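Descriptive structure summary
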Amino acid sequence: MNTTASKSETDEILKWLNHNRQMLLDLYKNQYVAYNANGIIAHSENLREVLELANAAKQTFLIYLVPRRTASVEILPIRFRTVARHD
């Protein structure tokens, strides 16, 4: 599809992604997902297939590659200990 989404359309589409990220991780790991503010248009591990299906729907969409896995990072504080020097 050659239509470019407006800023407000893009904002709504990204809101949908943020709201549904966990569902995507649960159901579509390692797949490309074409979606818009109304939901998923197409999904597959094959990007070309997703693009063909999404373009056929004649809707504005974005593509998201759902990660295979996610990880959380915990940043721990670093504590320095002063060592007395004996000269």
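Note: the structure precedes this text.
As a starting point, this report considers the structure included with it. None of the values given here were measured: they were computed from a predicted structure.

Describing the side chain of N36
By secondary structure assignment, the location of N36 is in strand β1 (residues 32–36). For N36, a relative accessible area of 6% translates into the label buried. Polar side-chain contacts of N36 include one of 2.8 Å to the backbone nitrogen of N38. If near-sequence neighbours (up to four positions away) are discounted, N36 is found in contact with I13, W16, I41, Q59, T60 and F61.

Overview of the sheet that holds strand β2 (residues 39–44)
Here we have three strands laid out as an open sheet, ordered β2-β1-β3, and antiparallel in their pairing. Looking at strand neighbours, the two that pair on one side only are β2 and β3 (62–65), the edges of this open sheet. Averaged over all neighbouring strand pairs, the angle between strand axes comes to 25°, with direction disregarded. Two strands pair when backbone bridges link them, and β1 and β2 are joined in this way by five bridges, in the antiparallel orientation. Paired with N36 across the two strands is G39, which belongs to β2.

Thoughts on the pattern of salt bridges
Tallying each qualifying case throughout the model produces two salt bridges. With a closest N to O distance of 3.2 Å, K7 and D11 form a salt bridge. With K7 and D11 both in helix α1 (residues 7–27) and four residues apart, the pair spans about one turn of that helix. The class for D11 is partly exposed, based on a relative accessible area of 31%.

Examining the nonpolar core
If you look at the biggest cluster of nonpolar residues, it comprises 10 residues: I13, W16, L17, L24, L25, Y28, V33, Y35, Y64 and V66. Elements that contribute at least two residues to this core include exactly α1 and β1. Considering each element in turn, this core owes the most residues, five residues, to α1. Setting aside its immediate chain neighbours within four residues, L25 contacts V66, P67 and T70. Formed by five residues, the second largest nonpolar core is a distinct cluster that contains A42, V50, A54 and F61.

Conventions adopted
Residues numbered from 1 in each chain as written. Predicted model: local features only at pLDDT ≥ 70, side-chain atom pairs only at ≥ 80, totals over all residues. Heavy atoms only, no water. Helix = DSSP H or I, 4+ residues; strand = E, 2+ residues; numbered from the N terminus. Buried < 20%, exposed > 50% of the residue type's maximum accessible area, 1.4 Å probe, protein only. Polar contact = N/O pair within 3.5 Å; in protein donor to acceptor, adjacent residues only side chain to side chain. Contact = heavy atoms within 4.5 Å. Pairing = 2+ DSSP bridges. Axes fitted to C-alpha atoms, helices over the stretch in contact; angles between N-to-C directions. Salt bridge = Lys/Arg side-chain N within 4 Å of Asp/Glu carboxyl O. Core = buried A, V, L, I, M, F, W, Y, C linked by side-chain atoms within 4.5 Å.

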